[in-house]
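Chains, contacts and geometry: an overview
As a plain string of letters, each chain reads:
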Amino acid sequence: MSELTTQTLDVPGAVLTYDVRSPAVPGGHPPLFVLASPMAASGFTQLLGHLDDRTVITYDPRGTERSTLADDGEVSVELHADDFHRVVAAARPTIGDGPVDVFASSGGAVNVLSWIVDHPDELGTVVAHEPPLWALLEDRDVQRKVTQDIVETYQRDGFGPAMAKFIQVSMQDAPLTEDYLTQPAPDPSAFGLPTEDDGSRDDLLLNGNMRALPWFEPDLDALRRTTVRLVPAVGKEGAGTMPRRGGEALAAALGLEPVVFPGDHGGFASNEWSPGNDPAAFADRLREVLAG
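Note that the structure is predicted; figures quoted are calculated from it, not measured. (Residues numbered from 1 in each chain as written. Predicted model: local features only at pLDDT ≥ 70, side-chain atom pairs only at ≥ 80, totals over all residues. Heavy atoms only, no water.)

It is worth spelling out the packing of helix α4 (residues 140–157) against helix α6 (residues 204–212) at this point. Relative orientation and spacing of two packed helices are given, respectively, by the angle between their axes and the distance between those axes. Remark: α4 packs on α6, axes separated minimally by 9 Å, with the N-to-C direction vectors making an angle of 155°. Taken together, the axes of α4 and α6 are roughly antiparallel relative to one another. Helix-helix and strand crossings are classified by hand; for α4 and α6 the assignment is left-handed. Residues T147, I150, V151, Y154 and Q155 of α4 form the contact with α6, whose participating residues are L206, N207, M210 and R211. The residue makeup of the contact of α4 with α6, split by class, is five nonpolar, three polar and one charged. (Axes fitted to C-alpha atoms, helices over the stretch in contact; angles between N-to-C directions. Helix = DSSP H or I, 4+ residues; strand = E, 2+ residues; numbered from the N terminus. Parallel < 35°, antiparallel > 145°, perpendicular 65-115°, else oblique. Left-handed = near helix turned anticlockwise from the far one by under 90°. Contact = heavy atoms within 4.5 Å. Nonpolar A, V, L, I, M, F, W, Y, C, P; charged D, E, K, R; others polar.)

Attention now moves to the packing of helix α2 (residues 77–95) against helix α3 (residues 107–118). Interaxial distance between α2 and α3 falls to 8 Å at its minimum, and their mutual angle equals 75°. The angle between α2 and α3 places the two elements in the roughly perpendicular class. Facing α2, whose interface residues are V77, E78, H80, A81, F84, H85 and V88, α3 presents G108, V110, N111, V112, S114 and W115. Tallied by class, the residues present in the contact of α2 with α3 amount to seven nonpolar, five polar and one charged.

As a further point, take the environment of A40. Tracing the backbone shows A40 in the loop between β3 (32–37) and α1 (45–48). Residue A40 is classed as buried on the basis of its relative accessible area of 4%. C-alpha of A40 to C-alpha of T17: the two residues are 23 residues apart in sequence and 9.9 Å apart in space. (Buried < 20%, exposed > 50% of the residue type's maximum accessible area, 1.4 Å probe, protein only.)

Counting residues in hydrophobic clusters, the biggest one holds 42 residues, and the most contacted among them are F33, V102, L113 and W115. In terms of residues, this core owes the most to one element, α2, which gives seven residues. With near-sequence residues (within four places) excluded, V102 lies in contact with L32, F33, L35, V112, W115, L123, T125, V126 and V127. Formed by 21 residues, the second largest nonpolar core is a distinct cluster that contains V34, L48, L51 and F261. (Core = buried A, V, L, I, M, F, W, Y, C linked by side-chain atoms within 4.5 Å.)

On to the environment of A251. Structurally, A251 is set in helix α8 (residues 242–253). Measuring from C-alpha to C-alpha, the distance between A251 and P61 comes to 26 Å, with 190 residues separating the pair along the chain. Here A251 is in contact with P232, L256, E257 and P258, once residues within four sequence places are set aside.

What follows covers helix α5 (residues 159–170). Over its twelve residues, α5 runs 16 Å from end to end, which matches the ideal 16 Å to within 8%, given 1.5 Å per residue. Restricting attention to buried positions, one finds in α5 the residues G160, P161, A162, M163, A164, K165, Q168 and V169. Next to the buried residues of α5 lie α4 and α6. (Expected span 1.5 Å × (residues − 1).)

Before going further, it helps to spend a moment on α6. Helical geometry: 3.6 residues make up each α-helical turn, so side chains three or four residues apart lie on a common side. For α6, a buried count of seven out of nine residues is recorded, marking the element as mostly surrounded by other parts of the structure. Buried residues of α6: L204, L205, L206, G208, N209, M210 and A212, and no others. At its buried positions, α6 is contacted by β3, α2, α4 and α5.

Side chains that differ in charge, positive against negative, can pair when their charged atoms come close. Going through the model one piece at a time under the given rule, you end up with 15 salt bridges. Here D221 makes a salt bridge to R224, at a shortest N to O gap of 3.0 Å. On the criterion of helical spacing, the pair formed by D221 and R224 is a turn pair, its members being three residues apart in helix α7 (residues 220–225). On the basis of relative accessible area, D221 is assigned to the partly exposed category, the value being 47%. When its relative accessible area of 46% is taken as the criterion, R224 is described as partly exposed. Linking D284 and R287 is a salt bridge whose minimum nitrogen-to-oxygen distance equals 2.6 Å. A residue pair is termed a helical-turn pair when its members lie 3 or 4 positions apart in one helix, as D284 and R287 do in helix α9 (residues 279–291) at three residues. A relative accessible area of 40% means that D284 is categorised as partly exposed. (Salt bridge = Lys/Arg side-chain N within 4 Å of Asp/Glu carboxyl O.)

Shown next, in the form of structure tokens:
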């Protein structure tokens, strides 16, 4: 059994909660930071059960679950990356001074690219799993328009209508054309979402990441030169979906082949939407990739 410690950390504009799991029997591996955005540490529970051979750090991004965002707090790729840096610095008494490995999922796999550029000396191997990199997509202009419409829908109509649009575009398995912009808005109730506006506007995905991520331009020259072993990765399932294409585009831009993991965009967790995902197989593949 791993020993779990949980701490909070004051950072500019937020208070972060992070966890460190130390193995009962050390396996000689570098510490591993498992992260995503906007998903919090709880989303990795199934995966973590299969990673008990090394020290594992997890955290809740600013504004999600146990981590808070100040009233004037901001969300950006660069701030998330700085949060990663600060969490690792705070955890040093437990994890030691050497480089950390990283498994970054979804928006976290976008944010981690900024961390690589800013603090390469802190990092060993970084697995960037299905980053939704708008800037590298052939349909970036349409994707950005769709995302802007989702943000505006959230501000105008609330969570249900905006999240319905997000789910609908996430289901597309080919590049978008301008025709997509003329489709009727989906019914939130078709996805089990509320149709009434509760007045809240604090959803990190709809009011944070979707404002920041579409405009992030990765520093490809710096990423090509970095001493960090950067591994773009995609899920075996979900060909043509936007995050999968983001992972493929990042790999192509770096002159690499994307590493394939079992399952879909969230292949590390089995649930009612993706019952075929196998967290144990995902963990095995992650260990293989980290070992090089």
